[in-house]
Amino acid sequence: MAQRVLCAEILLSFHRSLSVVYSFDKTPLPVNDRHTTLRGCGIEVMLGPTLHQFEHGLAQFTADPGYKEALKQRFLEMQSRQVPVIFSLMHLSVLSGVPWKRLRTIIKRERLKGDYLVYPKQKSSGGQRWICVPATQMRVVQNWIAAHILSSPGAIAHLNKASRAYAKDCSILRNAEQHADSRWMVKIDIHDFFESVSERQVYWVFRRLGYPALLSFEMARICTRVAPPAVGRLRKRDVKWRWNERKRGSRPLVPYDTDASQSGHLPQGAPTSPMLSNLIAVKLDEQVIAIASEFGGVYTRYADDLIVSFSEGSRAICQTVLQRIRRVLGGHGFVVNRKKTHILGPGARKTVTGLVVNDTQPRLKRQTKNHIEVALHYIETKGLIEHARFVRSKHPIAYLNHLSGLVEFARSIEPVFAGKALQRLEAIYAKNTELLAALAEFSSAKDFVVRHRSQP
């Protein structure tokens, strides 16, 4: 039985989203101003209702028939698009369980320093990336949006088949299989992929899914983060990303500050960022597919890694394709990372999402196999504790779990190699049963730490 929520603010906020001064893109349905008196009337709105239940709820209050019909049409539109029915920020608050006032604080950018925990993480290729971990209540509402809106059938239907990350049935193996045994390959990496996606682009994702203008703006604010401002000036991207504000007298377009310095970007680490980036890149993927198909190539994108491969071709063709894709990326606000962009010809080792694709089937890198074999050898000969010290791991059980996960990953790529490694790993577990039990006991008490050789 659908849960029922008594909240006049839901329909009131939806009413506001229909009015001209709260619309970014087009003139909406006219609504009589006297209907703002609906506040506090106890309008009944149900979570996930059927059409019959929704019509029954509408019949419980007195309002202009045109207004009620607008609500019904919005409901039917969102249902036909196969996305969750949400009318307003208050409705989103009820659904996600995050207080409305807290959502307003997030949208108004009143707690920029407290909304995310930001820390650097070293890249394996050198340099660092900034990870942004959302605060508790922000993470709750972002998780709800990611699980219910961005994973809905309506959102999934928008994804391009070339997108191979962050969605069901996508994996690095399936991505690599598309380029196995290719002779020529163009590898393109996008510099600061998530940070290059603007709040305005996120807004249009929600608009295309069928949500009202005001609610789309509010959800875009919830899913984006404002970087620390430049001292005394606007950054280039602040100017580029600012809203084209149209004013109605002295009244702003939305009841929030749309100053250029408040425009956010997708934070790397937020649960909503992966799928939003895929939905934003739909048009990009279509354009790159057209370029690749023109020259007989195969295109896939795994997050910020773009691959175009050819069974036949030449360096001249690859250079032409690279130049045209670079222009397309620039038109979407992305910049190519030149250090990670390459043209690979016959005879060169070709890797896609960490797998070697020179043969008809993707396979593991030699370094990955060596890492597994060396770790197993030293655990067998020197013991788990001694090897944990050697690799500077403070928790032997965590290291063994990591190694087990690596072997399981290898089994999905090269079952024969991984099968032998798994037998050795199982023998290690059997030999160290008592030790592992003792380590687990110490670990649960938080008393056990393996000291490295460099420590006193």
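This text goes with the structure placed above it.
Starting afresh in each chain, residues are numbered from 1 along the sequence in its written order. Where local features are concerned, this predicted model is filtered to residues with pLDDT of at least 70; where side-chain atom pairs are given and counted, the filter is 80 or more; whole-chain, interface and lining totals use all residues. Hydrogens and water are ignored here; the side-chain numbers use all heavy atoms of the structure.

**Regarding the packing of aromatic side chains**
Okay, step 1: Stacked, tilted and edge-to-face are the three classes assigned to paired rings of Phe, Tyr and Trp, where Trp is represented by its six-membered ring and a pair needs centres within 6.5 Å; plane angles under 30 degrees give stacked, over 60 edge-to-face, the rest tilted. Tallying each qualifying case throughout the model produces four aromatic pairs.
Okay, step 2: Summarising the aromatic geometry, the rings of Phe 193 and Phe 194 are spaced 5.5 Å apart at their centres and angled 55° between planes, so their arrangement reads as tilted. The same class applies to Phe 193 as to Phe 194, namely buried.
Okay, step 3: Lys 369 extends its terminal NZ or CZ atom over the ring of Phe 417, reaching a point 5.5 Å from the ring centre. Here's how the labels work: a residue is buried when its accessible area is under 20% of the maximum for its type, exposed when over 50%, partly exposed in between, all with a 1.4 Å probe on protein chains only. In this analysis the charged atom, NZ for Lys or CZ for Arg, is taken to sit over a ring once it is within 6 Å of the ring centre and within 35 degrees of the ring normal.

**A word on the pairing of strand β5 (residues 184-191)**
Okay, step 1: Numbering of helices and strands runs from the N terminus, with a helix taken as a DSSP run of H or I at least four residues long and a strand as a DSSP run of E at least two residues long. The buried fraction of β5 amounts to seven of the eight residues, a majority that puts the element mostly inside the structure.
Okay, step 2: Should DSSP find at least two bridges between two strands, the strands are regarded as paired. By the bridge criterion, six bridges tie β5 to strand β7 (residues 305-310) in an arrangement that is antiparallel. Counterpart to Val 186 in the pairing with β7 is Val 308.
Okay, step 3: Pairing analysis gives three bridges linking β5 to strand β9 (residues 342-344), with the strands arranged antiparallel. Note on β9: the bridge partner recorded for Met 185 is Leu 344.

**Some thoughts on the environment of Asn 432**
Okay, step 1: Mapped onto the secondary structure, Asn 432 falls in the loop between α19 (415-431) and α20 (433-444).
Okay, step 2: When the C-alpha atoms of Asn 432 and Gly 383 are compared, they prove to be 9.1 Å apart, with 49 residues separating the residues in sequence.
Okay, step 3: Counting of polar contacts relies on pairs of N or O atoms within 3.5 Å, with two restrictions inside protein: one atom must be capable of donating a hydrogen and the other of accepting it, and residues adjacent in sequence are counted only when both atoms are side-chain atoms. Engagement of the side chain of Asn 432 in a polar contact is seen with the backbone oxygen of Ile 428, the distance being 2.8 Å.

**Looking at the layout of surface pockets**
Okay, step 1: Within this model, the largest pocket holds a volume of roughly 1400 Å³.
Okay, step 2: Arg 129, Asp 189, Asp 304, Asp 305 and Lys 340 are, among the 45 residues lining the largest pocket, the residues nearest its centre.
Okay, step 3: Three classes are used, and their members are as follows: Ala, Val, Leu, Ile, Met, Phe, Trp, Tyr, Cys and Pro are nonpolar, Asp, Glu, Lys and Arg are charged, and the others, Gly among them, are polar. For the lining of the largest pocket, the per-class residue count stands at 19 nonpolar, 14 polar and 12 charged. Note on definitions: the grid is 1 Å and covers protein atoms alone; a cavity is a set of points where a 1.4 Å probe fits but cannot get out; a pocket is an open set with protein on both sides within 12 Å along at least five of seven lines; lining residues have an atom within 4 Å of a point. Grid points are joined across faces, edges and corners, and a volume is the space filled by probe spheres set on the points.

**Some thoughts on empty space enclosed by the protein**
Okay, step 1: A complete count under the given rule lists one cavity of 30 Å³ or more for this structure.
Okay, step 2: Lining the largest cavity, in full, are Ile 106, Arg 109, Leu 112, Asp 115, Tyr 116, Met 138, Thr 224, Arg 225 and Val 226.
Okay, step 3: Here the lining of the largest cavity is built from residues that sort into five nonpolar, one polar and three charged.

**A short note on the side chain of Ser 309**
Okay, step 1: Topologically, Ser 309 is positioned in strand β7.
Okay, step 2: Ignoring sequence-local partners within four residues, the contact set of Ser 309 consists of Gln 178, His 179, Ser 182, Trp 184, Met 185, Gly 297 and Val 298. Any two residues whose heavy atoms approach within 4.5 Å are treated as being in contact.

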